[in-house]
Amino acid sequence: QILPQINQALIVDIDKDQKNEVVVIYKTGSISIFENAKNNLVAVWSTYIWGRVLGVASGDYNQDGATEVFYSTTNRMTFALRWDQRTHKYKVNAIPFKYGIERMTFAKFNNQEQLYAVDTSGKLHISRYSSKTGWWQESFSESLGMRMAEIIKPIQEGEIKFWGLNRVLLELRIYPSDVFVVKYQEMDYLPNPQPVYYQGRLYIAAAVFTKFPELGVSMTTEADAYLFNYQKVELKIYKDLGRSPESQGLEVNPPYQIINDQLFFPLNFYQEIGLPLFFSQPEKCFYLKESLIDKESEK
C-alpha cells in the first residue's frame, strides 16, 4: 500500500485495549488511525480536514482515564479525537479556543494534565480543563517573542522547553506555590514574593528577610549579580548562570533559583547559616524567633 506523504505521527493507545494505535497526519490534510493486525498496519479510521494540520498532542485532558489526540489546523480550529466507549467508534469534537495553535503538548502539573499551546503569533497559553464547568481555563499566557518549531515535552514536572523557528531554545519553569505567612512580634506578614516549591524543596526569596532590620540580612541587586550578606556569610550570585557564585563563610555554595529577577534560597540554607527561623508546615507559617533576634542585635 502506497501512502501519501506523512507530516506527523503519534503512537498512542486511544481505545484503551492496551494496544497502541498509530495516528498519522498526511501532508494532504487527511488523518488516519492504524492498528496492528497480524503484523500488518490496517487503517481503521480516516477523515479529511479543511486546511493543514499544525500541532498534534495526546493526553487525558478531562481526567476520565482515556487518551485523546488533539490537532490544530491552519484555519484556526482545534479538534479532539477520541474513542467513544458507548458507540465503539472514533469521534471528533471541536475545542473552542479563540486562537490558532501552531504547536502544543500535554504535561502534568500538580497531578493535573495541562495543555501547553503556542499560537501562530508566538504567544504561549497554558490551560486546563474543568470537569465541573465543562470549560477550558487559561492559567498563564505570555509572548515568547518568536514562532515555535517544537515544544519539548518535560521530563521534570514544571519544566518545559521550546525550540524556535530561529533555532533558539527557551526554557520555562513553573513553580508551585501556596499562601505563606511570616509571624514576628505577634504580627502576621505576607512574604512578597511568596515562597515556591522546586524539586521537593521550599525556596524563599532573600528579599523577604530584608523587611525585618533586626535580622541583619542585606540584599543588593547589581546589574549583573545579587549580593547577599548575613553575619559572616557573603554571597555573590551572578545573573549569568554560567558563572559560578562567589562566597565567604560557607563551605559549599547553596542551591538557588532566580525567579522574576528575585533571588531564592531553600529553607534549610537560611537555617544552616543561623537565621532565627522556624517553619511550621501545617500552619504554612515562618516564625522569627524574637529572643534570638534580640541577642543578635545586642552584639
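About the cut-offs
Residues numbered from 1 in each chain as written. Predicted model: local features only at pLDDT ≥ 70, side-chain atom pairs only at ≥ 80, totals over all residues. Heavy atoms only, no water. pLDDT = per-residue confidence, 0-100. Helix = DSSP H or I, 4+ residues; strand = E, 2+ residues; numbered from the N terminus. Contact = heavy atoms within 4.5 Å. Buried < 20%, exposed > 50% of the residue type's maximum accessible area, 1.4 Å probe, protein only. Core = buried A, V, L, I, M, F, W, Y, C linked by side-chain atoms within 4.5 Å. Pairing = 2+ DSSP bridges. Axes fitted to C-alpha atoms, helices over the stretch in contact; angles between N-to-C directions. Phe/Tyr/Trp six-rings, centres within 6.5 Å; stacked < 30°, edge-to-face > 60°. Lys NZ or Arg CZ within 6 Å of the ring centre and 35° of its normal.

### Some thoughts on the confidence of the model for the chain
Predicted confidence across the chain gives a mean pLDDT of 87, with 96% of residues reaching 70 or more. Of all the helices and strands in the chain, helix α2 (residues 290–298) carries the lowest mean pLDDT, 46, while strand β21 (residues 225–230) carries the highest, 95. Here residues 291–299 scores under 50 on pLDDT; set against residues more than four positions off or in separate chains, the count is 7 contacts.

### Regarding the environment of Val23
Residue position: Val23 is located in strand β2 (residues 21–26). Take Val23: its relative accessible area is 1%, and that puts it in the buried class. Residues Val23 and Tyr203 lie 180 residues apart in sequence; the distance between their C-alpha atoms is 42 Å.

### Examining the environment of Gly100
Within the element layout of this structure, Gly100 appears in the loop between β8 (89–95) and β9 (101–109). Considering only alpha carbons, one finds Gly100 and Tyr90, 10 residues apart in sequence, at a separation of 24 Å.

### Considerations on the nonpolar core
The biggest cluster of nonpolar side chains holds 36 residues, and the ones touching the most others in it are Phe209, Phe228, Phe265, Tyr270, Phe286 and Leu288. In this structure Phe265 touches Leu202, Tyr203, Ile204, Ala206, Phe228, Leu235, Ile237, Pro254, Pro255, Tyr256 and Tyr270, once residues within four positions along its chain are discounted. Residues Val23, Ile33, Ile49 and Val56 belong to the second largest nonpolar core, which totals 16 residues.

### So, the sheet that holds strand β24 (residues 257–259)
Pairing within the open sheet is antiparallel, and its 4 strands lie in the order β18-β19-β25-β24. Every other strand in the sheet has two partners, leaving β18 (196–198) and β24 as the edge strands with one partner each. Each adjacent strand pair in this sheet contributes to an overall mean axis angle of 40°, direction not counted. Both β18 and strand β19 (residues 201–205) contribute to a ladder of 3 bridges, which runs antiparallel. Across the sheet, Tyr198 pairs through a bridge with Arg201, a residue of β19.

### Describing unusual backbone geometry
Negative phi values dominate among residues other than glycine, just as trans dominates among peptide bonds. Here the bond from Asn192 into Pro193 is cis, since omega is 5°, no more than 30 degrees from zero. Looking at the element boundaries, Pro193 is found in the loop between β17 (187–189) and β18. Phi is positive for Asn39, close to 65°, though the residue is something other than glycine. Take Asn39: it is sitting in the loop between β3 (30–37) and β4 (40–48).

### Here's the deal with the pairing of β4
Relative to β4, β3 is paired through 8 bridges, and the arrangement is antiparallel. In the sheet register, Ser32 faces β4, and the bridge partner there is Ser46. Following β3, the chain reverses through 2 residues before pairing antiparallel with β4; Lys38 in that reversal takes a positive phi of roughly 55°.

### Things to note about the packing of aromatic side chains
Any pair of aromatic rings gets described here by the distance separating the centres and the angle formed by the planes. Here the structure, examined in full by the defined rule, presents 25 aromatic pairs. Look at Tyr61 and Tyr129: their rings are 5.0 Å apart centre to centre, the planes differ by 80°, and that puts the pair in the edge-to-face class. Of the two residues, Tyr61 is situated in the loop between β5 (53–59) and β6 (68–73) and Tyr129 in strand β11 (residues 123–130); the sequence distance between them amounts to 68 residues. Taken individually, Tyr61 and Tyr129 each receive the classification buried, so the pair is uniform in this respect. On the numbers, 6.2 Å between centres and 55° between planes, the contact of Phe180 with Tyr197 is tilted. In this pair, Phe180 sits in the loop between β15 (169–173) and β16 (181–184) while Tyr197 sits in strand β18, placing the two residues 17 residues apart along the sequence. Cluster of aromatic residues (ring-pair linked, three or more members): Tyr61, Phe70, Phe97, Tyr99, Phe106, Tyr129 and Trp136. Sitting over the ring of Tyr226, Lys239 keeps its end group 5.2 Å from the ring centre. Sitting over the ring of Tyr238, Arg243 keeps its end group 3.7 Å from the ring centre.

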